[in-house]
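# Structural overview for review
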Amino acid sequence: MERSPAPDVRLVPWSKDDFDLLVRHNAPEMTAHLGGPESDEKLLDRHRRYLGLEGSRSGWMFRIVAGPEESTAGIVGFWESTHHGEDIWEAGWGVLPESQGQGIAGAAVRLVVAAARATDTHRHLHAFPSVDNAASNGVCRGAGFVLLGDEEMEYPKGRWMRCNDWRIDLTRG
């Protein structure tokens, strides 16, 4: 388990018991910038993919825990992707409504940056929040990512959206 610079946020590797968190994360207010809620079948597929990342070299997904009670606060992770011909890590996250606005997402993303850096696999970690998602764009800025610009991206399949391309160089301390 990874500890954040702030002692109240930790990352716990995704487990078979975390499916309920994925269901909570699938709410309309949590998926507004991601094309909306997914079907039960797609959620099960996503859960299996998250479980398959553990111990592989293709990424990690985590449950975010926060506070002295170690309450579940959300989801964060990184996975392999290709962007403009470069093999990269891509990061994504979501913090539950009751845990938003407390700096939890920023602390969790900084921990994911450190975890991706520790793999010594890819030079860059990217995040692609919707241009309309002010909170996630702020998390990127605060975690040290550099805004490269915006572009049309397909997510989920069949749905195009305008995203910002944020990147952090993992070779820099």
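Residues numbered from 1 in each chain as written. Predicted model: local features only at pLDDT ≥ 70, side-chain atom pairs only at ≥ 80, totals over all residues. Heavy atoms only, no water.

Let us look at the overall build of the protein. Counting its secondary structure elements, the protein contains five helices and eight strands. Its helices and strands in sequence order give the protein the pattern β-β-α-α-α-β-β-β-α-β-α-β-β, from N to C terminus. Taken over the C-alpha trace, the protein has a radius of gyration of 15 Å; the compact-globule value for 173 residues is 16 Å, and the two agree within 12%. A principal-axis box enclosing the C-alpha atoms of the protein has dimensions of 40 × 40 × 30 Å. Here the protein holds 173 residues, and 46% of them are scored as buried. When contacts within the protein are restricted to residue pairs at least 6 apart in sequence, those whose partners lie at least 24 apart make up 59%. With an accessible surface of roughly 9,200 Å², the protein has 50% of that area assigned to carbon and sulfur atoms. (Helix = DSSP H or I, 4+ residues; strand = E, 2+ residues; numbered from the N terminus. Rg over C-alpha atoms; globule rule 2.2 N^0.38 Å. Buried < 20%, exposed > 50% of the residue type's maximum accessible area, 1.4 Å probe, protein only. Contact = heavy atoms within 4.5 Å. Areas by Shrake-Rupley, 256 points an atom, 1.4 Å probe, with all protein chains shown as cover.)

Further remarks concern the packing of aromatic side chains. Counting across every chain of the model gives three aromatic pairs. Pairing Trp60 with Phe62 gives two aromatic rings, centres 6.0 Å apart and planes at 15°, and the pair type is stacked. You can call Phe62 buried: its relative accessible area is 5%. Aromatic pair Phe78 and Trp89: ring centres 4.9 Å apart, planes at 90°, arrangement edge-to-face. Of this pair, Phe78 sits in strand S4 (residues 71–83) while Trp89 sits in strand S5 (residues 86–95), and the two are eleven residues apart along the sequence. (Phe/Tyr/Trp six-rings, centres within 6.5 Å; stacked < 30°, edge-to-face > 60°.)

The next point concerns the state of the cysteines. The final tally for this structure, using the stated rule, is zero disulfides. Free cysteine Cys140: the closest other cysteine sulfur is in Cys163, separated by 11 Å. For Cys140, a relative accessible area of 0% corresponds to the buried category. The exposure class assigned to Cys163 is buried, which follows from its relative accessible area of 3%. (Disulfide = S-S within 2.5 Å.)

Note on helix geometry: an α-helix contains 3.6 residues per turn, so any two residues three or four positions apart are oriented the same way. The first and last C-alpha atoms of helix H3 (residues 40–53) sit 20 Å apart over 14 residues, in line with the 20 Å expected at 1.5 Å per residue. Summarising the contacts, the buried residues of H3 are in contact with helix H1 (19–25), strand S3 (59–66) and S4. (Expected span 1.5 Å × (residues − 1).)

A few words on the pattern of salt bridges. Inspection of the entire model under this criterion finds nine salt bridges. With a closest N to O distance of 2.6 Å, Glu70 and Arg10 form a salt bridge. Taken together, the residues span a long stretch of sequence, with Glu70 in the loop between S3 and S4 and Arg10 in strand S2 (residues 9–13) at a distance of 60 residues. When its relative accessible area of 9% is taken as the criterion, Arg10 is described as buried. In this structure, the salt-bridge partner of Glu38 is Arg46, at a minimum N-O distance of 2.8 Å. (Salt bridge = Lys/Arg side-chain N within 4 Å of Asp/Glu carboxyl O.)

This part covers helix H4 (residues 104–119). Between the first and last C-alpha of H4 there are 23 Å, a value that for 16 residues agrees with the 22 Å anticipated at 1.5 Å per step. Phi turns positive, to about 55°, at Asp120, one or two residues after H4.

With that settled, the discussion passes to the environment of Ser71. Locating Ser71 in the fold gives a position in strand S4. On the basis of relative accessibility, which here comes to 39%, the residue Ser71 falls in the partly exposed class. Sequence spacing of Ser71 and Ile88 is 17 residues, and the spatial spacing of their C-alpha atoms is 31 Å. Each residue touching Ser71, except ones within four places of it in the same chain, is listed here: Ile64, Val65 and Ala66.

With 95% of its residues at a pLDDT of at least 70, the protein reaches an overall mean of 90. Ranking the helices and strands of the protein by mean pLDDT puts strand S6 (residues 124–127) first, with 98, and strand S1 (residues 2–3) last, with 47. (pLDDT = per-residue confidence, 0-100.)

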